[in-house]
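Structural overview for review
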Amino acid sequence: MALFGALLLALLAGAHAELPGCKTRVTSQALELVKQEGLRFLEQELETITIPDLRGREGHFYYNISEVKVTELQLTSSELHFQPEQELVLQISNASLGLRFRRQLLYWFLKIYEFLSTFITSGMRFLLNQQICPVLYHAGMVLLNSLLDTVPVRSSVDELVGIDYSLLKDPVASDSNLDMVFRGAFFPLAEGNWSLPNRAVEPQLQDEERMVYVAFSEFFFDSAMESYFRAGALQLSLVGDKVPHDLDMLLRATYFGSIVLLSPAVIDSPLKLELRVLAPPRCTIKPSGTTVSVTASVTIALVPPDQPEVQLSSMTMDARLSAKMALRGKALRTQLDLRRFRIYSNQSALESLALIPLQAPLKTMLQIGVMPMLNERMWRGVQIPLPEGINFVREVVTNHAGFLTIGADLHFAKGLREVIEKNRPADTRDSWAPGAPPPSTTAA
């Protein structure tokens, strides 16, 4: 009975677990690059430490060591690797320091050079242990965390829509990679608490050849399109001179009879062409490619000045667009291309036949007038969860059934120190020392 209850609880927990819209894998291929940049930052931090003066008296021996400066730091042996349960481990051994200091020594007996050398060396080691271990702790726990704070978690994409990259569970480390799962969901800024249920296929990551892999499910793109739909962005109205001249003439000729019957007095009024998406578009990802299906209404009307508009026709448009994804820097961009297009009447099959001559000019109008505006907005892209100063290069996009993956290498567009200094917490150098762990604990 107890076993059955535990199984039921496990099934219920699994049923309510939120599926990720985005996954990220950092492989061991990236660690060498990260290690070199991280060690360079640690060297720069250690070279700026302030070491207090060492002075005192031992019997007849008086000493004063001051103005201690680190002149050189060599980390000759280091290793950065993934480790289960600990995520990431940095090991440094055989490190050496070069020091410059001023010394004042007073003693009464001769031939004690070896004693003085041992005493000064021991004192320097004590001072360095008191200073270096807290600096390493501070660099790892405070300064590097300030770098991680630059990763966008919940931010705006534009004036209408935001993106949520909240982690759904703790990162999972293996011997060769670190996997992270994100919510990966868009939302309209006016409805911050709204979320689209995720019923898409969960994205999978299998490869390890590149430094980083990012996977996006159909839900990721569906939530974006539904958010823009709810924000009222998926509609377009062309009036007067905004309607292409050839299309204007064709529409007036097609609906000349309707204009004469309805209101001949407004025959020369400006023409209005309105497109309005009727339902959130949906994305389909297959190994052969990515497509977006859209259903919209097309309304044609005359808009005489200071009078109610005269509707000439209302039809439905079904369109299928191909989508090409690419990473540039740290932005995911989309390029859309109109592939299939058809219009039909909401009134009768006979009227649908009469709309056949409009099929080609309307498609041309969409390709020339609408798609460039749409792609200009889409090409701005949405940021991938990556710290500031790090970009993707040499990306490769691969489609799967229900999701796509992008493999890429990393490039530091900015130095680690430059990014950390920009985001360094206020008064950090004065505030971290009292809260740092004892040197022995940090060293261990």
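Quick caveat, the model's predicted, so the values are computed rather than measured.

Some points on the overall build of the protein chain
A tally of helices and strands in the protein chain yields eleven helices and 19 strands. By sequence separation, contacts in the protein chain at least 24 residues apart represent 70% of the contacts at least 6 residues apart. By element, 55% of the accessible surface of the protein chain is carried by carbon and sulfur atoms, the whole surface being about 24600 Å².

Quick notes on the packing of aromatic side chains
By convention here, two paired aromatic rings are described through the distance between centres and the angle between planes. Applying the stated criterion to the full structure yields five aromatic pairs. Pairing Phe 216 with Phe 220 gives two aromatic rings, centres 4.7 Å apart and planes at 50°, and the pair type is tilted. With respect to class, Phe 216 is no different from Phe 220; both count as buried. Three or more aromatic residues joined by ring pairs make a cluster, and in this case those are Phe 186, Phe 216, Phe 220 and Phe 221. A cation over an aromatic ring shows up here: Arg 154 above the ring of Phe 187, its NZ or CZ 4.0 Å from the ring centre.

Focus: the layout of surface pockets
Roughly 1100 Å³ of volume is contained in the second largest pocket. Leu 234, Leu 336, Leu 374, Arg 377 and Met 378 are, among the 39 residues lining the second largest pocket, the residues nearest its centre. Put simply, the parts of the chain that give the lining of the second largest pocket at least two residues each are helix H4 (218-230), strand E11 (235-239), strand E12 (271-277), strand E14 (289-302), strand E15 (310-328), strand E16 (331-345) and helix H8 (356-378). No other element matches the eight residues that H8 contributes to the lining of the second largest pocket. When the residues that make up the lining of the second largest pocket are grouped by side-chain class, the tally is 31 nonpolar, three polar and five charged.

Describing the pattern of salt bridges
Between side chains of opposite charge, pairing is possible as soon as their charged atoms come close. Overall, the coordinates contain 18 salt bridges when judged by the stated rule. With its nearest N and O atoms 3.1 Å apart, the salt bridge here joins Arg 154 to Asp 164. Of this pair, Arg 154 sits in strand E5 (residues 154-156) while Asp 164 sits in strand E6 (residues 161-164), and the two are ten residues apart along the sequence. Where Arg 342 meets Asp 318, a salt bridge forms, and the shortest distance between an N and an O atom there is 3.2 Å. Of this pair, Arg 342 sits in strand E16 while Asp 318 sits in strand E15; the two residues are 24 residues apart in sequence, bridging distant segments of the chain.

Quick look at helix H5 (residues 245-254)
Every buried residue of H5 is listed here: Leu 247, Asp 248 and Leu 251. All buried residues of H5 fall inside an arc of 105° around its axis, so they share one side. In this structure, H5 carries His 245, Asp 246 and Ala 253 as exposed residues pointing more than 90 degrees from its buried face. The secondary structure elements touched by the buried residues of H5 are E12, E14 and H8.

Description of the pairing of strand E9 (residues 185-188)
The alternating pattern of E9 places Ala 185 and Phe 187 on one face and Phe 186 and Pro 188 on the opposite face, and all of these are buried. Pairing analysis gives four bridges linking E6 to E9, with the strands arranged antiparallel. Bridging across to E9, Val 161 finds its partner in Pro 188.

Points about the environment of Ser 288
With respect to the helices, strands and loops of the structure, Ser 288 is situated in the loop between strand E13 (282-286) and E14. For Ser 288, a relative accessible area of 72% translates into the label exposed. For the pair Ser 288 and His 400, spaced 112 residues apart in sequence, the C-alpha to C-alpha distance is 8.3 Å.

Section: empty space enclosed by the protein
The final tally for this structure, using the stated rule, is one cavity of 30 Å³ or more. Taken as a whole, the largest cavity encloses approximately 30 Å³ of empty space. Forming the boundary of the largest cavity are Leu 275, Val 298, Met 317, Phe 341, Ile 343, Leu 362, Met 365 and Leu 366. Taken together, the elements giving at least two residues each to the lining of the largest cavity come down to E16 and H8. Tallied by class, residues from the lining of the largest cavity come to eight nonpolar, no polar and no charged.

Focus on the side chain of Ser 297
For Ser 297, the position within the fold is in strand E14. Taking relative accessible area as the criterion, Ser 297 reaches 12% and is therefore assigned buried. When sequence neighbours within four positions are dropped, the list of residues in contact with Ser 297 reads Glu 274, Leu 275, Arg 276, Leu 278 and Met 315.

Quick notes on helix H2 (residues 31-46)
Its 16 residues give H2 an end-to-end C-alpha distance of 22 Å, which sits within 8% of 22 Å, the value for a rise of 1.5 Å per residue. By the burial criterion, the buried members of H2 are Leu 31, Lys 35, Glu 37, Gly 38, Leu 39, Phe 41, Leu 42, Glu 45 and Leu 46.

Thoughts on the sheet that holds E6
Each strand in a sheet pairs with its neighbour through backbone hydrogen bonds, running either in the same direction (parallel) or in the opposite one (antiparallel). One open sheet holds the three strands; their spatial order is E5-E6-E9, and the pairing between them is antiparallel. Every other strand in the sheet has two partners, leaving E5 and E9 as the edge strands with one partner each. Going across the sheet, the axis of each strand differs from the next one's by a mean of 25°, ignoring polarity. Across the face of the sheet, H4 comes into contact with E6 and E9 while running at roughly 5° to E9.

Quick look at the side chain of Asp 158
Assignment of secondary structure puts Asp 158 in the loop between E5 and E6. A polar contact is formed between the side chain of Asp 158 and the backbone nitrogen of Leu 160, at a distance of 2.9 Å. Of the polar contacts made by the side chain of Asp 158, one reaches the side chain of Tyr 228; its length is 2.5 Å.

Describing the sheet that holds strand E10 (residues 212-217)
What the six strands build is an open sheet, ordered E7-E8-E1-E10-E19-E18; its pairing is antiparallel. Both outer strands of the open sheet, strand E7 (172-173) and strand E18 (390-399), are each paired with one neighbouring strand and no more. Alignment of E7 against strand E8 (residues 177-182), held across two bridges, turns out to be antiparallel. When the bridges of E8 are listed, Ala 173 appears paired with Leu 178. In this fold H2 packs onto strand E1 (22-27) and strand E19 (403-412), with an angle of close to 35° to the strand it touches most, E19.

Reading guide: rules and limits
- Residues numbered from 1 in each chain as written.
- Predicted model: local features only at pLDDT ≥ 70, side-chain atom pairs only at ≥ 80, totals over all residues.
- Heavy atoms only, no water.
- Helix = DSSP H or I, 4+ residues; strand = E, 2+ residues; numbered from the N terminus.
- Contact = heavy atoms within 4.5 Å.
- Areas by Shrake-Rupley, 256 points an atom, 1.4 Å probe, with all protein chains shown as cover.
- Phe/Tyr/Trp six-rings, centres within 6.5 Å; stacked < 30°, edge-to-face > 60°.
- Buried < 20%, exposed > 50% of the residue type's maximum accessible area, 1.4 Å probe, protein only.
- Lys NZ or Arg CZ within 6 Å of the ring centre and 35° of its normal.
- 1 Å grid on protein atoms, 1.4 Å probe; cavity = no way out; pocket = protein on both sides within 12 Å on 5 of 7 lines; lining within 4 Å.
- Points joined across faces, edges and corners; volume = space filled by probe spheres on them.
- Nonpolar A, V, L, I, M, F, W, Y, C, P; charged D, E, K, R; others polar.
- Salt bridge = Lys/Arg side-chain N within 4 Å of Asp/Glu carboxyl O.
- Arc of directions from axis to C-beta.
- Pairing = 2+ DSSP bridges.
- Expected span 1.5 Å × (residues − 1).
- Axes fitted to C-alpha atoms, helices over the stretch in contact; angles between N-to-C directions.
- Polar contact = N/O pair within 3.5 Å; in protein donor to acceptor, adjacent residues only side chain to side chain.

Nothing here speaks to function; it is all geometry.
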